[in-house]
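Okay, here's what each chain looks like letter by letter:
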Amino acid sequence: MTRTRRLGMAVAIVAAVVCAGSGCTVIPVSGPYTVNDAGGGDPLSKSFQRMIAIPPQRDWGTEETIRGLQAAMAAYPDDPSILEQYLTPTALSKWKDSASGPVTVIEDGYEVVPPPPRDGTETTQKVTLKGRYAAIINQDDSYAPTAGPWVKPYELVKDPKGGYRVNDLPPGLLLTAADVARAYRPTNLYYLNRGLQDRLVADRVRLRLKTTETFAQTVLERLLKPPTGALQGAVTSSFPSGTEIESIRSGEERVVISLSGPLDLSDLSAEAALRAQIRYSLNMNEIAKGRIIEVQVDGEQYFIDRPNSEESWLDDSSDTAYFVGKGAIQYLGKDGPGGAVAGAAGEPREGYSGFALSKERNGLVAARTSTGISVAALTQEGRWQEVIQGTDLTPPTWHRDGSLWTYDRKNAALLRYDPGSGRTGQVGVPEQLDGLDVTRLRIARDGVRVVVTIGKNTVQIGALIGEGTGVTLGNLQSLTTTEEGDEILDVVWGDDEHVLVLVESKAGQILSEINVGDGETTGVPLKDRLVSLAALGDRVLAEAKADNSTKLIELGQDRQTWTPKIDSGAGAPLFPLG
């Protein structure tokens, strides 16, 4: 029997029958309930709790009606008929046109403030719902954490038969954080970077679990749609417009996905990209892992993708670590320094800072000086050469296509240097950067996302839109802002989805790992005072203060402890790209 759990108000006990998954459950209805739907054993689905709301009752007062209304909104996608019973005909006709608007998420402990006492003859009542913002789920399924008080008045009209109806309902649904945790899942969709189309880019969304289809179907149906606003114009898809999912079924070892639409079955590059988008969008969300995926088009086999097949779609080419010691680039070995790199980059040198390594196969390092950005090859013949001039540039950052980028703070210009042609060009930036103090700019290893710091306190996330010479920086959105008086010391990319932000606060240093897709933040404990960071995937290295010198430490796989790598004389750590 499916387990049920009481959520709220006491009302007259009646019975409701719920058929979900593999069986039916008789539920004593003494308030809205959640029901555990089947799905945990299905490789294409996820188990979840479904809200069972009840209609407004004749003996309910204003508070019970408002709480029942909120529960009905939580159940609306599964059963819209209950919510409609809470609304007057006027409210229903207005709200239906905006029902698909953004979802407002508030914290669980909200308050219903009743109207002041009156003589009881009034036909309308003004009730205020007070809570605190938790997030907004936008119409493109992106999840944006927010904070602050949330207050909304509601007008209730007495029903001649007893109870109340709501006379005006704001656009969209109002859910609690518990509602979202119960019925939504954080999900990564994978698109192709628009410029090179050699790398997958994760797009973080919140998808609602449905009783009418498997979660695999929900994920792939959403993958057929455009990405969220954060990646609009920056990514593309291998699914041609008009592609439809006819069915998804699974056996013991195989998942069969049947598609229809204008797919070119002779295009091998499109096949490889589509294979990767499907595999990663399912497997990275714990769906169909370890199973063969067969894709059919119009009933004919298109391809078979076997688990653990060799793929480079999320490959960062190398996890070799480096560090700077007295201006010289050195390898970091397993147990300490591994020797200097070849050429001038491996020689001690003053006046160079903000080092950045290109993709390892390109073998280039860049650094900032008092007069510009210089580059050296990591070869015996490599010599430092100034390639971008400027006296107020941000530290350089490499793109995976081999180009070198920096922001000219003096002239408010984003610059891109192409080592192949030896030319430097200006890249378009959004007007919202006009007049702002851009202090850092780093391109993610996926070649799409860009982290930008503004002044001492703000981190924004953008994306490189378009391709070739027409690329621009756009889609800037705020990621985090520190308190006044705090200072951001360093920001680095970990993987394509996370940045590490080091902040000096009044209470001490704070290191946070932030998911750029939904703002989810995890604190990293610190023991030493850090100076700079480098990260790649699960590896995080830090330059830390040690007496009169600096040392190099590495964050453990438990994300709780730090291990010494070099006890003294080590400067900033480095990984390729990021």
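No experiment lies behind these values; they were computed from the predicted model shown.

### Some details on the side chain of N188
Alright, step 1. As for its position among the elements, N188 is in strand β13 (residues 184–193).
Alright, step 2. Here N188 falls in the buried class, since its relative accessible area comes to 5%.
Alright, step 3. Polar side-chain contacts of N188 include one of 3.2 Å to the side chain of R204.

### What to know about the confidence of the model for the protein chain
Alright, step 1. Model confidence for the protein chain is summarised by a mean pLDDT of 89, while 92% of its residues fall at 70 or above.
Alright, step 2. Here residues 1–31 is a poorly scored stretch, pLDDT under 50, and it has 75 contacts once near neighbours within four places are set aside; other chains count.

### Some details on the packing of aromatic side chains
Alright, step 1. A full pass over the atoms with the stated rule returns 7 aromatic pairs.
Alright, step 2. Arranged with centres 6.0 Å apart and planes meeting at 55°, the rings of Y190 and Y280 form a pair that is tilted. One end of the pair, Y190, is in strand β13; the other, Y280, is in helix α6 (residues 268–283), and 90 residues separate them in sequence. Both residues of the pair, Y190 and Y280, count as buried.
Alright, step 3. On the basis of an interplanar angle of 35° and a centroid distance of 5.1 Å, the ring pair of Y322 and Y331 is categorised as tilted.
Alright, step 4. Given a relative accessible area of 33%, Y331 falls into the partly exposed group.
Alright, step 5. Three or more aromatic residues joined by ring pairs form one cluster here, namely Y352, F355 and W384.
Alright, step 6. Here the basic side chain of R206 rests over the ring of Y143, its NZ or CZ set 3.9 Å away from the ring centre.

### Points about the sheet that holds strand β23 (residues 353–357)
Alright, step 1. Strand order across the open sheet formed by 4 strands is β23-β24-β25-β26, with antiparallel pairing between neighbours. For this open sheet the edge positions go to β23 and β26 (385–389), each flanked by a neighbour on one side alone. Across this sheet, the average inter-strand angle for adjacent strands is 25°, counted without regard to direction.
Alright, step 2. With 5 bridges connecting them, strand β24 (residues 364–368) and strand β25 (residues 372–377) associate as antiparallel partners. In the sheet register, A366 faces β25, and the bridge partner there is V375.

Cut-offs used in this document
Residues numbered from 1 in each chain as written. Predicted model: local features only at pLDDT ≥ 70, side-chain atom pairs only at ≥ 80, totals over all residues. Heavy atoms only, no water. Helix = DSSP H or I, 4+ residues; strand = E, 2+ residues; numbered from the N terminus. Buried < 20%, exposed > 50% of the residue type's maximum accessible area, 1.4 Å probe, protein only. Polar contact = N/O pair within 3.5 Å; in protein donor to acceptor, adjacent residues only side chain to side chain. pLDDT = per-residue confidence, 0-100. Contact = heavy atoms within 4.5 Å. Phe/Tyr/Trp six-rings, centres within 6.5 Å; stacked < 30°, edge-to-face > 60°. Lys NZ or Arg CZ within 6 Å of the ring centre and 35° of its normal. Pairing = 2+ DSSP bridges. Axes fitted to C-alpha atoms, helices over the stretch in contact; angles between N-to-C directions.

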